[in-house]
Amino acid sequence: MQYGHFDNEHREYVIDRIDLPTSWTNYLGTEDMVGVVNHTAGGYVFYKSAEYHRITRFRPNGTPMDRPGHYIYLRDDDTGEYWSVSWQPVGLPLGKARYTCRHGLSYSVYECEYAGIYAKQTLFIPRGENVELWDLEIENRSGRARSLSVFSYAEFSFHHIDMDNRNFQMSLYAAGASYADGVIQQELHYEENGFQYFTADFTPDSFDTVRDSFIGPYRSETNPLGVEKGSLGGNTEKGGNQCAGLHKRFSLTAGAGLRACFMLGEGNAAAGNRVREKFTAPESRDAALAALAAYWDEKLSALQVNTPSQAMNTMLNIWTLYQSEVNVMFSRFASFIEVGGRTGLGYRDTAQDSMTVQHSNPAQCRLRILQLLRGLTKEGYGLHLFQPEWFEEKKQPAFRSPTVIPTPGRDEMIHGLKDACSDDALWLITSIVEYIRETGDDAFAGLPVAYADGPEDTVYEHMKTILDFSARMVGRNGVCQGLRADWNDCLNLGGGESAMVSFLHVWALEHFAELARHLGRTEDAEHYGALRQKVIAVCEEKLWDGEWYLRGFTASGRPIGTSGDAEGKVHLESNAWAVLSGCAGRQRGEKAMDAVAEYLGTPWGLCLNAPAYTVIDDEIGFVTRVYPGLKENGAIFSHPNPWAWAAECRLGRGKRAMELYDALCPYNQNDKIEVRRAEPYSYCQFVTGPSHRHFGEAHHPFMTGTGGWSYYATTRFILGLRPQFGGLVVDPCIPPEWEGFSLTRRFRGAEYRIRVENPQHVCRGVVQIYIDGEAVDSIPVLPEGGAADVRVVLGSKEEA
Ligand code: GLC
């Protein structure tokens with residue numbers, strides 16, 4: 001069943017059938033003010049922090065689903081009938097009204113047509129301003145004159161997630177609102193600058209700032225009393241709950257239309273008046289929306305591909321880059337699932353995310369990498385979850401609580417080894433090396449950064465500290481200890497050992513040794529190169545199970561993921577990483593990935609492990625306490641799937657890589673929404689596995705490393721485009737039936753127009769490269785501002 005379609009020309013996903021089984025979300029904002037909204041304008045906005053500075057309230061995980069939001073109501077003043085521009089909250093019967101939603105890059109559009117009135121609400125946050133615009137267009141298509149009213153509604157929040165969800169004995173008496181000249185100002189009395197405003201480009205006929213009087217007793221956003229009456233109560237109050245209710249009456253002759261705009265912003269009434277002036281002319285809003293489109297044009301133009309796969313083109317050219325950018329911009333803690341209860345930077349997630357959009361957002365990736373280096377302990381592990389502000393020079397208290405909450409001391413912020421995860425900081429190595437390859441900024445390695453708990457040293461020395469930590473922290477087999485967890489949050493091996501982390505170590509060592517060589521640090525290149533060989537030898541000796549690789553050992557020395565196991569027999573992470581890291585030789589690599597296909601393959605992608613655990617085993621970890629088929633216990637956990645695509649490419653099996661890509665690809669599930677349920681334009685954290693009755697149902701869109709990894713694995717391995725210190729490598733691994741593909745890539749300020757031809761229908765093997773018609777051996781760095789046509793011919797150097 002299909003609910004919508006991809007409109008690639010406008011870079012939008014269009015929801016044609018609005019009664020979706022679940023919320024399909026989108027992100028607004030590209031800077032400090034951020035919104036998360038769904039297909040019915042439900043959702044919330046915050047300023048900088050979803051934990052400390054929420055502007056509007058959201059009641060997550062509730063019924064009715066995902067309320068409140070940023071709603072506009074229309075009312076026919078002749079009949080008293082009213083509806084909302086987004087389908088919810090009024091929820092007119094869909095036989096009588098036409099509703100659509102279009103999610104675009106950093107904006108969402110809600111359209112409705114009812115009783116001859118067409119209305120369109122566009123939500124977006126213009127660049128350079130901390131305001132969400134609710135741009136409204138109305139057209140009278142009824143063929144007769146109409147008297148209508150328009151109402152806005154949003155519910156303000158008490159800023160801090162805790163103040164907003166508990167401790168009402170304080171918050172209910174310390175927040176209020178005032179109104180003057182068409183501007184509502186919400187006031188968080190306990191904060192020095194605790195102001196929000198709500199205004200419009202018109203002078204309202206009535207207003208209300210008191211939520212309970214707007215909604216009325218025993219009512220909800222579906223049937224608010226203020227809208228029903230056709231006029232708002234004009235209330236302001238010190239204390240209670242505040243809302244953003246403005247109302248305007250207007251008449252439209254047949255065929256006439258109008259534009260109006262509500263504005264929800266960070267700051268006091270004076271800020272509201274300034275912004276109101278700026279965006280009152282509709283042209284100024286059009287220009288702001290166009291500027292947002294130009295911002296995305298610039299990013300997307302860093303890489304555009306044209307392959308025989310429409311799914312891949314749509315995802316890479318628009319949605320997967322968008323998803324990856326969203327993660328790098330806002331971290332992973334603002335969605336309808338993660339609702340701000342924890343924020344900051346998750347070490348491993350951020351380290352991986354910052355590897356993926358370096359071509360389109362180098363500045364933000366660089367910032368994230370530096371923040372993570374600052375969150376590295378001198379012992380060599382990363383702070384698993386931390387606020388970068390802890391280490392900023394001029395620290396502004398993000399939020400001052402009116403109740404006494406002891407301020408954590410430095411020691412509590414910097415957790416000990418017992419809370420360290422074995423993989424966290426290892427991810428950063430490759431992110432840094434890739435950053436230098438992408439930008440050519442060798443000096444980055446020499447930047448001084450202080451450790452979280454210690455002295456300053458260079459980026460380069462931090463990298464050695466990380467690699468040395470993993471070399472030191474091994475268990476009885478010489479494999480890296482699992483510690484609190486490895487990449488898999490639910491595999492809690494403590495002093496047991498994690499195969500995946502040793503493989504990750506191998507991968508990081510390879511990248512680091514290359515960097516050391518590039519920087520002329522020959523001794524380091526040799527030392528870490530030798531360490532890599534040593535780790536590989538341990539892995540090959542201790543981790544091969546006969547048909548596939550183990551997942552590790554428990555603290556008591558029991559192997560995990562072995563052929564003798566009835567549950568958790570085969571695991572995806574260790575097998576994919578054995579190959580992706582370059583550790584496994586060809587024969588073992590192929591066997592391991594064949595076992596992955598056989599035991600973990602489903603039409604929706606690869607399961608994380610199988611068979612799912614049903615018997616609790618705390619030596620393995622929390623994974624055995626998760627219901628079978630969900631999350632880390634036998635679900636199709638999305639994030640590691642691209643590792644398998646990359647692994648298949650390392651083996652030269654382009655057909656298999658593409659099959660696996662296609663299985664997980666949300667685009668391909670656009671017509672299976674009765675099963676998938678979630679949005680088809682975003683990868684989800686996991687898809688329910690075969691051992692659960694909701695097999696195929698996807699959960700947790702956007703906030704997953706899958707976006708970044710899908711982008712990375714597809715571009716670097718399937719399409720084979722890999723930036724190097726001294727140029728570009730193009731070494732694709734594609735299905736043999738592909739005739740070829742083309743792409744344009746911006747690299748160090750020059751444009752590479754690349755065409756790959758596959759006349760012999762191989763998977764892999766470059767036989768000739770031409771630049772502007774001339775045969776060359778490699779693709780160099782072009783002068784800044786330059787451009788070149790690159791032709792890459794594949795052929796049978798390797799068997800398909
Ligand atoms: C979640 C976490 C991530 C972890 C993964 C697997 O996505 O954010 O850190 O690696 O689950 O447990």
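Look up: the structure comes first, before these words.
Residues numbered from 1 in each chain as written. Predicted model: local features only at pLDDT ≥ 70, side-chain atom pairs only at ≥ 80, totals over all residues. Heavy atoms only, no water.

**Section: the site of the ligand**
Item 1. Inspection of the region around the ligand gives R332, R348, D349, W487, N488, D489, E632, F637 and Q685 as its neighbouring residues.
Item 2. Backbone polar atom of W487 to an oxygen atom of the ligand: 2.6 Å apart, as the coordinates give it.
Item 3. D489 has a polar backbone atom sitting 2.9 Å from an oxygen atom of the ligand.
Item 4. Here the ligand, which alone exposes 310 Å², has 91% of that area covered by the protein.
Item 5. Its residues assigned to classes, the shell around the ligand comprises two nonpolar, two polar and five charged. (Near = heavy atom within 4 Å. Polar contact = N/O pair within 3.5 Å; in protein donor to acceptor, adjacent residues only side chain to side chain. Areas by Shrake-Rupley, 256 points an atom, 1.4 Å probe, with all protein chains shown as cover. Nonpolar A, V, L, I, M, F, W, Y, C, P; charged D, E, K, R; others polar.)

**Here we look at the sheet that holds strand β29 (residues 552-553)**
By definition, the strands of a sheet pair up through backbone hydrogen bonds, in either a parallel or an antiparallel sense.
Item 1. Across the sheet, which stays open at both edges, the four strands sit in the order β27-β28-β29-β30 with antiparallel pairing between neighbours. If you trace the sheet from one side to the other, it starts and ends with β27 (481-483) and β30 (559-560), each paired once.
Item 2. Note that strand β28 (residues 494-498) and β29 share two bridges and pair antiparallel. Looking across to β29, one finds that S498 is bridged to G552. (Pairing = 2+ DSSP bridges. Helix = DSSP H or I, 4+ residues; strand = E, 2+ residues; numbered from the N terminus.)

**A few points about the packing of helix α12 (residues 459-472) against helix α13 (residues 499-518)**
Item 1. For the pair α12 and α13, the least separation of the axes is 11 Å and the interaxial angle reads 150°. What the angle tells us is that α12 and α13 run roughly antiparallel. As for the relative orientation of α12 and α13, their crossing is left-handed in sense. For the pair α12 and α13, contact is made by Y460, M463, K464, L467, S470 and A471 and by H505, A508, L509, F512, L515 and A516, respectively.
Item 2. Taken together, the residues of the contact of α12 with α13 sort by class into nine nonpolar, two polar and one charged. (Axes fitted to C-alpha atoms, helices over the stretch in contact; angles between N-to-C directions. Parallel < 35°, antiparallel > 145°, perpendicular 65-115°, else oblique. Left-handed = near helix turned anticlockwise from the far one by under 90°. Contact = heavy atoms within 4.5 Å.)

**Quick word on the nonpolar core**
Item 1. Counting residues in each nonpolar core, the largest one holds 225 residues, and the members touching the most others are W427, W577 and I754.
Item 2. Other than its neighbours up to four places away in sequence, I754 contacts L721, L728, V730, F741, S742, L743, V790 and V792.
Item 3. The next biggest cluster of nonpolar side chains, apart from the first, holds 13 residues, and it includes F124, L133, F279 and L292. (Core = buried A, V, L, I, M, F, W, Y, C linked by side-chain atoms within 4.5 Å. Buried < 20%, exposed > 50% of the residue type's maximum accessible area, 1.4 Å probe, protein only.)

**Considering the pairing of strand β10 (residues 107-114)**
Item 1. Of all eight residues in β10, seven are buried, a share of seventy percent or more.
Item 2. By the bridge criterion, seven bridges tie strand β9 (residues 98-104) to β10 in an arrangement that is antiparallel. Paired with G104 across the two strands is Y107, which belongs to β10.
Item 3. When β10 meets strand β11 (residues 117-124), the two strands line up antiparallel, connected through eight bridges. Paired with Y107 across the two strands is F124, which belongs to β11.
Item 4. Here β10 hands over to β11 after two residues, with A115 in that stretch at a positive phi of 50°.

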